[in-house]
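# Coordinate inspection notes
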Protein chains: 4
Amino acid sequence: MSAKIPVTILGATGTVGQKFVRLLADHPQFEIASVAASAQSAGKRYGDIVRWREGTPLPERVAAMTVTRAEPGIPGRIAFSAIEADIAGEVEQAFARAGVYVVTNTKTHRMDPDVPLLIPEVNPDHLGLLEGQQRKHGWTGGIVANPNCSTAGLVLGVAPLERAFGIEKLFVATMQAVSGAGYPGVASLDALGNVIPHIGGEEEKMEQETRKIFGTMSPGGVREAAIGVSAHTNRVPVIDGHLEVVSLGFGRRVSPEEAIAAIQAYRAPAEVAALHSTPALPVEYDARPDRPQSRLDIERGNGMTVTVGRVRPCPLLDLRLVLLSHNTIRGAAGAAVQNAELLVARGLVR
Amino acid sequence: MSAKIPVTILGATGTVGQKFVRLLADHPQFEIASVAASAQSAGKRYGDIVRWREGTPLPERVAAMTVTRAEPGIPGRIAFSAIEADIAGEVEQAFARAGVYVVTNTKTHRMDPDVPLLIPEVNPDHLGLLEGQQRKHGWTGGIVANPNCSTAGLVLGVAPLERAFGIEKLFVATMQAVSGAGYPGVASLDALGNVIPHIGGEEEKMEQETRKIFGTMSPGGVREAAIGVSAHTNRVPVIDGHLEVVSLGFGRRVSPEEAIAAIQAYRAPAEVAALHSTPALPVEYDARPDRPQSRLDIERGNGMTVTVGRVRPCPLLDLRLVLLSHNTIRGAAGAAVQNAELLVARGLVR
Amino acid sequence: MSAKIPVTILGATGTVGQKFVRLLADHPQFEIASVAASAQSAGKRYGDIVRWREGTPLPERVAAMTVTRAEPGIPGRIAFSAIEADIAGEVEQAFARAGVYVVTNTKTHRMDPDVPLLIPEVNPDHLGLLEGQQRKHGWTGGIVANPNCSTAGLVLGVAPLERAFGIEKLFVATMQAVSGAGYPGVASLDALGNVIPHIGGEEEKMEQETRKIFGTMSPGGVREAAIGVSAHTNRVPVIDGHLEVVSLGFGRRVSPEEAIAAIQAYRAPAEVAALHSTPALPVEYDARPDRPQSRLDIERGNGMTVTVGRVRPCPLLDLRLVLLSHNTIRGAAGAAVQNAELLVARGLVR
Amino acid sequence: MSAKIPVTILGATGTVGQKFVRLLADHPQFEIASVAASAQSAGKRYGDIVRWREGTPLPERVAAMTVTRAEPGIPGRIAFSAIEADIAGEVEQAFARAGVYVVTNTKTHRMDPDVPLLIPEVNPDHLGLLEGQQRKHGWTGGIVANPNCSTAGLVLGVAPLERAFGIEKLFVATMQAVSGAGYPGVASLDALGNVIPHIGGEEEKMEQETRKIFGTMSPGGVREAAIGVSAHTNRVPVIDGHLEVVSLGFGRRVSPEEAIAAIQAYRAPAEVAALHSTPALPVEYDARPDRPQSRLDIERGNGMTVTVGRVRPCPLLDLRLVLLSHNTIRGAAGAAVQNAELLVARGLVR
C-alpha cells in the first residue's frame, strides 16, 4: 500500500472537481481515496458519469472508483471541496466536525472570521485562525478556503508591491475566461465575439477578499487591510486565464523601476517555497510591451505563476500594470492543493 | 444632375474608407464624386482593387469609379480622409490649401491647437477654431478631426455627466474590437481566445484627446479641461464594438440616480440634433444588469448611439459605469460624416 | 383597426420565437395578435419574461402583450410554431383541428406523409397535400412545415441544379452556427476555438428531408426523390450562418459553366416571387474564389438568399460547390413566414 | 561535449521553425548546432529577433545563438527545413549536395518522383527512393519531405483501413486551424466567427499527396495508388488542430465493426515504433459519439496521434468517419523530426 495521505474530492464531477482529479492523480503526497458527488451520482462508476473535459486522459484508477455521497465517513483525511455553494456550508462543516481538514474552493466560508482565506505565499500566518476555529466549534478537523479566482491572481500579483510599499488604493478591471463559470456555464451565444460586463457577485468578492488576505493576524483574528479596492469585472471569449489591468496607489511615490525590482526579488517564504505546487517564481515579470497575454502566458509554473507586465506610471494613482493568472489552477484547484500541502508541512495533517 | 454636395474619399480602399463609401452611398446631402488611394491603385477601377468587406454590397456606381491619386483638384468640396497617418499631414494640408474642407479620421492633426477635435453633440463650438486656422495658414478650406475610436465612445458616453456635474478624475479600461486595427490588422493567432493588453499609443490618445474635447473655447484657442485620465487599453476577440469600464470622480458626491437622470435627459443641441447622422439618443441608458454587451448593443442609432449601463457607486471615486460604442461608425467614419454635416449646417460648405 | 391577418406565435420566448416577433412586427400582411408560451410564463408580460437577444429593440406593442398558454382559442388565424418538439405534436394538431393554419419550424410533423415540407421556391405544389390532410383528420386548419435549418440551405442552394440536371448523389459536410442549437444551447467551453463533429439527429434529417422536398406530388402523396445523400454535420464557433460543402453527381456530365448558368438563371415561380419574403435572387452565385463566407454573406436578401460559390469539378462525382444560408431566417423563422405568405396567396387563409 | 547529432534549422524564426526549436531542444538524439534564417536576420541573436509564440519558454541556449544564413557549411548533419517555398528548391538542394540530409516541411520537393513523401508508420519503404535520388543528382546527402498538414492527418488516420481493406474512393472535408497558415497568416477580421471555404492549393495537395504516400515502391519509383480523392478544404476559427470528415469506399463492403477493429489493431512497424517521436498509438479510436474535438483531443501522443471517431455507414460509399490531427506537430515539425529519427535508425545519418 501507498504511504500517501488518502484524500477525498467533494463535487468531483464538476469542472473544478475534474481539475482536482487531474492534479491529484500523480501527486507525491496525496492519493485519491474516494470521489463524492450528488445523491443521484452516488453508487455509479466515476468514469461512467463524469463528462471529462481535461486535456489529459481520465486516470483509469479514478475512472473505476464508485462515486459516494458527500458525507463524513468516506475515506480521506483531507477533503478537497468543489461542492456547490448552496450546500457547501453544512457539508463542509460536517467533515470538519468529523476530523477532516477541508480545503475548499467554494465561496461559502471564505469570509467567515475564523476561516483562513489562504494564499500560501502571501498570508501563511492566517493558518493560525484554525486553532480558534477548532476551539469555537469543537472540531478536530477544520476549514481552509482559497480565494475567488479573480482575487487569487490579483492578490498574488500585487503582493510584492504590497509587501514592499504598502498599497492604499487599487483599481482593477478584469477580463475573465469562460472556464471560471463552470460547465455548461456561459452560453456560446453570449460568449462568442462578445464581452459581458457583469459577473454576479464578483466585484464584491474581489473587494472584500483582497482586504482579508492582506489583513494582519491579531489575537482577535484577522484585521482587514485598509486598502480601497474598486473592481470592474468582465467576461471575455477566452477559455482559460484571467487578465487584469490594475492601477495602484501607495503611501509614497513608487517608480516603475522600484516596483519591477520588488516583483523580481519576490520569493515565497522558505516553508512555502518547499511545497510541491509552489512555483519557482510565484510572480514573474515579463518586460515585453504586449505581455502577458491570456493564451500565451497562463501555463507558467504549471499554472501557478502569476505573470505581471507593463508596470508604468498612472496619471491618477502611482502605477499601472497588467497581470495574468490561470483561473482554474492558481485560481481554484491548484490553490486548494497547495493549501493542503501547507497543512501537511505544518503537521496539521499526517 | 444631383444637387448634392460632391465629396471625395481619401484612402478609399481601406477599412474606414470602405465604411465611408457605405455611409455616403445613400447620403441625403453628399454624393461621392471621386475615390482616392495610393499611387499604385490610381487609374484602376475601384471595384477591381477594393477588398470589400462591408456586409452590404458595394454600390455599383462607386465600383465603377476610377481611383485617383489623393491630390487636390479631384472632384469634391469635402474630403473624407482615412489616409495613412504617415502621409496624412501633407496631403490633408494640401487639400485645405486648395479650398477643400477635410474631415479626417486620421490621427495626424487631432492635437494641433488650431484643429477642432469634434464631437458635434459635445463641443460644436470648437468649430470656432477654423477661422484662426484659415487665417494662420492662409487656407480657404480647413481641417476638422474626429477623435480616436476609443476616445469617441468614452467622451460622448460620459458627456452627460461632465455637463451636469463636472468630471475631475476618470479611470478607464477598454476592451476593443479587432476592426479598430484595420485590415489585415491583428493576426488571428493573436486574437483568437486571447486578450492583448497593449495597443500602441492608444492610452496617450485617450488621455490627451479627452482633455481637448472637453476643453473650453477661449480667444487663444481651446483651454484643455483639467481632468485626470488614466487609461488601460486592451484588444479582445470581438469584431466591432469598444466596451469600456469607467470610474469617475466629480467635484461633489453624485448618486447613481442623479447620474442616470442626467444621462436620460441628455440631448444634442438643436442644431446638432437636426443633422442626418445624429441619433435620437446620442447616449442611451440600459438598466439591465448585464448590458451593454459588445455584440448585442452596437447597432443602436445606426451605430451612432453610445450605450451606458451599470451606473453604480465606486469605492474609490464616485461612480462606476460601463459604456459601449461602435468603433468604426461612432468611432470613425460615422463621426466624420456627422462632422461634415455640421460644416454644411453652419454654411461653411455649400 | 388593422386589416392585417391576426397571427399567434407558439413558443414565443425562445430563440426562434423571438425571430418570429422581429420578422412579424412590421409585416405588411400579418399582425401579432397573441404570444403563447409555457404554462409558467402564461399571464405574464412578454417584455418582462423574454430574454430578448435580437439586435433590434423589442417592439413595444409586443413587449406589452400578456403571454397566453398555447391552446386553441387564442387570437390568430395563423399560428407560427417554434414550440418544443416533445409537445408540438398535440399542440399543433389541436390548433389545426380548431381551424388554424400552423406553419411550424418544429421537427415533429416534418416527415408526416400528409404534411407539406415546404420551400416555396422549390416545391409549392406540395401544398396540395393539405386537402388530404384536412380530409383525413377532419381539420378545417392544417399544418405546413419548413425544413431543418441545414436542409433548407442545402435544398434551395442545389435546387437550380436539381431542376436543370437531376441530382443522383449528394455528399454534404456542414459547418453550422451555434444559433442553430437555440439558447443557452451550446456551452461556450464547447464552442470556443473548437469544432464539434456531431449534431444529434441532424444527418438523418438532412438525408430524409432532402428526398421529401425534391419528391414528386402524386395522387397518393409525395413520392420521394431517388437521391443518395450522405451528410456529415459539424458545429463551428460561428454565431449565424450554416456553410456547407457539397459534391454532386448527376445523370450526365455537367460542366461548372453549365451549373453556374443554371444557378444564375434560377428564379422563383411568379406566384412565389411575389411574396413579401421572397428575395429577388433566392440563390445567388458569387464568383470570388473564397466566397461565400459565414460572417460576410448571410444577410443577402434579408437572410433569405442562399449564396453559392466555388462551383468546380469533383474528382469523384461531377461537381463540387460551397453554399451558405442564414440558419435562423432562411432556415427557421423566415422560412415559416414565407410559407404563411404562400398560404395567403393561395387563398387558404384570409 | 554531447554525443548527439548536430542539426540545423532552416527558417528558424517562423512558426514551424519555432516548433522545431521547441521539439529539438530536449531531443535525446539531436542537438541544435545552428539556426538559419533570411539574410537580414543573419548575424543577430536568435532571441532578439524571434517573435517567440510557443507556450513554453524559449530555451536559453538557443536564444543565445547567432542566426546564420541558410547556406551549406553551417554546423549540422541534418537540416530541418521550414524555409519558404519560393527559395526552398535551391537552398535544400545545396544542402543535399553538400552531404546534409534535409528533412523538409516545405512543399517544394514533395511531389518530386525521387523524393520520399514520408510518414514513417505508413510508407517507410519509400526511403528506398533516396538511393536513386543520390545517384541521379550526385548527392551525398538527400531530401526527405513530410506531407502537407491536412494530408498527414488524413493519410495516417485512414492508413489502418487502407492496409486492411484497400481504399478506392475518399471524400474529405476539412476544418483547419489558423496556425496552418503561419504568422501573421489569417487576419482576425477573416477568422473570428467565420468560415473561409478556400485554402489556396490545399485541395490539390491532399488529392495528389495521398496517392503518392499510399503508392507502391517499384524499381522505377513510387507507383501512385489508384485512389479517387475529392477534398473540400475550409478554414475555421480554431488555433491548432485539423478536423476532417471522411467518407470511404472500399473494394468490398466493410462494416463499422471491422473498421474499428482494424483501427484498434493498428501499430507502427517495430522499427518505427521504436523511434522517439512515434506515439504508442499512431491512430487511436475514440468511441464517444461527439469526439474527436479540435480543442480537446489534439495533444494525444504529444500531438503525434491521430484520433478517429464516429465510424459509421455511409449512404453513398461504405463508411463515414471523423479524424483529427495536430497540424503543427503531426502535420509539420513533429513529422519532420520523426522522419529524421528514421534516417538515423536506418544508419543514413550518424
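Below is a short write-up of the structure. Remember, predicted model here, so these are calculated numbers, not experimental data. (Residues numbered from 1 in each chain as written. Chains lettered and ligands numbered in written order. Predicted model: local features only at pLDDT ≥ 70, side-chain atom pairs only at ≥ 80, totals over all residues. Heavy atoms only, no water.)

### Remarks on the interface of chain C and chain B
Tallying the contact residues gives ten residues for chain C and ten residues for chain B. Regarding the contact of chain C and chain B, the summed buried area is about 860 Å², with carbon and sulfur atoms giving 36% of it. For chain C, the biggest contributors to the area lost against chain B are Arg 53, Arg 295 and Leu 296 of chain C; these three give 50% of the whole. Counting the contacts that link chain C with chain B gives zero salt bridges. In this structure, the connection of chain C to chain B is made through zero residue pairs in polar contact (both at pLDDT 80 or more). Residues of the side of chain C that touches chain B, tallied by class, amount to three nonpolar, one polar and six charged. (Contact = heavy atoms within 4.5 Å. Buried area = accessible area lost by both parts, 1.4 Å probe. Salt bridge = Lys/Arg side-chain N within 4 Å of Asp/Glu carboxyl O. Polar contact = N/O pair within 3.5 Å; in protein donor to acceptor, adjacent residues only side chain to side chain. Nonpolar A, V, L, I, M, F, W, Y, C, P; charged D, E, K, R; others polar.)

### Let's talk about the packing of helix H6 (residues 149–165) of chain D against helix H9 (residues 256–265) of chain D
All names here are of chain D. One way to put it is that H6 packs onto H9 with a least axis distance of 8 Å and a crossing angle of 110°. On the basis of the axis angle, H6 is roughly perpendicular to H9. Once H6 is placed against H9, the crossing between them reads as right-handed. Of the residues in H9, those touching H6 at Pro 160, Leu 161, Ala 164 and Phe 165 are Glu 258, Ala 259, Ala 262 and Ile 263. Each residue belonging to the contact of H6 with H9 can be placed in one class, and the counts come to seven nonpolar, no polar and one charged. (Axes fitted to C-alpha atoms, helices over the stretch in contact; angles between N-to-C directions. Helix = DSSP H or I, 4+ residues; strand = E, 2+ residues; numbered from the N terminus. Parallel < 35°, antiparallel > 145°, perpendicular 65-115°, else oblique. Left-handed = near helix turned anticlockwise from the far one by under 90°.)

### So, the packing of helix H6 (residues 149–165) of chain C against helix H8 (residues 202–213) of chain C
Residue and element names in this part refer to chain C. Between H6 and H8, the least distance of the axes is 9 Å, while the angle of their chain directions is 40°. If you check the angle between H6 and H8, you find them oblique. Along this stretch, H6 crosses H8, giving a crossing that reads as right-handed. Contacts between H6 and H8 involve Cys 149, Ser 150, Thr 151, Leu 154 and Val 155 from the first element and Glu 202, Lys 205, Met 206, Glu 209, Thr 210 and Ile 213 from the second.

### Focus: the sheet that holds strand S14 (residues 319–325) of chain D
Residues and elements named next belong to chain D. Taken together, the six strands give an open sheet; going across it, the order is S10-S7-S11-S14-S13-S12, and neighbouring strands pair in mixed fashion. A single partner strand is all that each edge strand has here, and the edge strands are strand S10 (228–232) and strand S12 (283–286). Recorded for the sheet is a direction-independent mean angle of 25° between the axes of neighbouring strands. With five bridges connecting them, strand S13 (residues 306–313) and S14 associate as antiparallel partners. (Pairing = 2+ DSSP bridges.)

### Digging into the interface of chain A and chain B
Taken together, the 44 residues of chain A in the interface contact 46 residues of chain B. At the boundary of chain A with chain B, total buried surface from both sides reaches about 3,500 Å², with 60% on carbon and sulfur atoms. For the pair chain A and chain B, the number of links is eight salt bridges. Here Arg 312 of chain B ties to Glu 203 of chain A by a salt bridge, and the two come within 3.0 Å at their closest N and O atoms.

### Thoughts on the sheet that holds strand S4 (residues 78–81) of chain C
All names here are of chain C. A sheet is described by the order of its strands in space; here six strands give the open sequence S3-S2-S1-S4-S5-S6, paired in parallel fashion. Among the strands making up the open sheet, the edge pair consists of strand S3 (68–69) and strand S6 (142–145). As paired elements, strand S1 (residues 5–10) and strand S2 (residues 30–37) share six bridges and run parallel to each other. Directly across from Pro 6, in S2, lies its bridge partner Glu 31. Its contacts with the sheet put helix H5 (residues 129–137) on strand S5 (101–104) and S6, and the angle it makes with S6 is roughly 140°.

### Regarding the environment of Thr 174 of chain C
All names here are of chain C. Tracing the sequence through the fold places Thr 174 in strand S7 (residues 167–175). Assessed through its relative accessible area of 0%, Thr 174 is described here as buried. Along the chain, Thr 174 and Pro 292 lie 118 residues apart, while their C-alpha atoms are 13 Å from each other. Once residues within four sequence positions are removed from consideration, Thr 174 is found in contact with Met 206, His 232, Thr 233, Asn 234, Leu 243 and Glu 244. Among the polar contacts listed, one links the side chain of Thr 174 to the side chain of Gln 176, at a separation of 2.8 Å. (Buried < 20%, exposed > 50% of the residue type's maximum accessible area, 1.4 Å probe, protein only.)

### Considering the relation of the copies chain A and chain B
Superposition record for chain A on chain B: RMSD 0.0 Å, screw rotation 180°, translation along axis 0.0 Å. Such a combination of turn and shift is consistent with a two-fold rotation axis. The residues that chain A uses at the interface reappear at the interface of chain B in 100% of cases, marking a shared surface. (Least-squares fit on C-alpha atoms with pLDDT ≥ 70 in both.)

### Examining the relation of the copies chain C and chain B
You can overlay chain C on chain B at an RMSD of 0.0 Å; the transform is a turn of 180° with a shift of 0.0 Å along its axis. An overlap of 100% is found between the interface residues of chain C and their copies at the interface of chain B, pointing to a shared contact surface.

### Comments concerning the packing of aromatic side chains
All names here are of chain A. This model, assessed by the stated rule, comprises 14 aromatic pairs over all chains. Between the aromatic rings of Phe 165 and Phe 250, the centroid separation amounts to 5.7 Å while the plane-to-plane angle is 70°, which identifies the pairing as edge-to-face. Here the residue Phe 165 occupies a position in helix H6 (residues 149–165), and Phe 250 occupies one in strand S11 (residues 242–250), the gap between them amounting to 85 residues. The exposure classification of Phe 165 matches that of Phe 250, with both residues buried. Three or more aromatic residues joined by ring pairs make a cluster, and in this case those are Phe 20, Phe 30 and Phe 80. (Phe/Tyr/Trp six-rings, centres within 6.5 Å; stacked < 30°, edge-to-face > 60°.)

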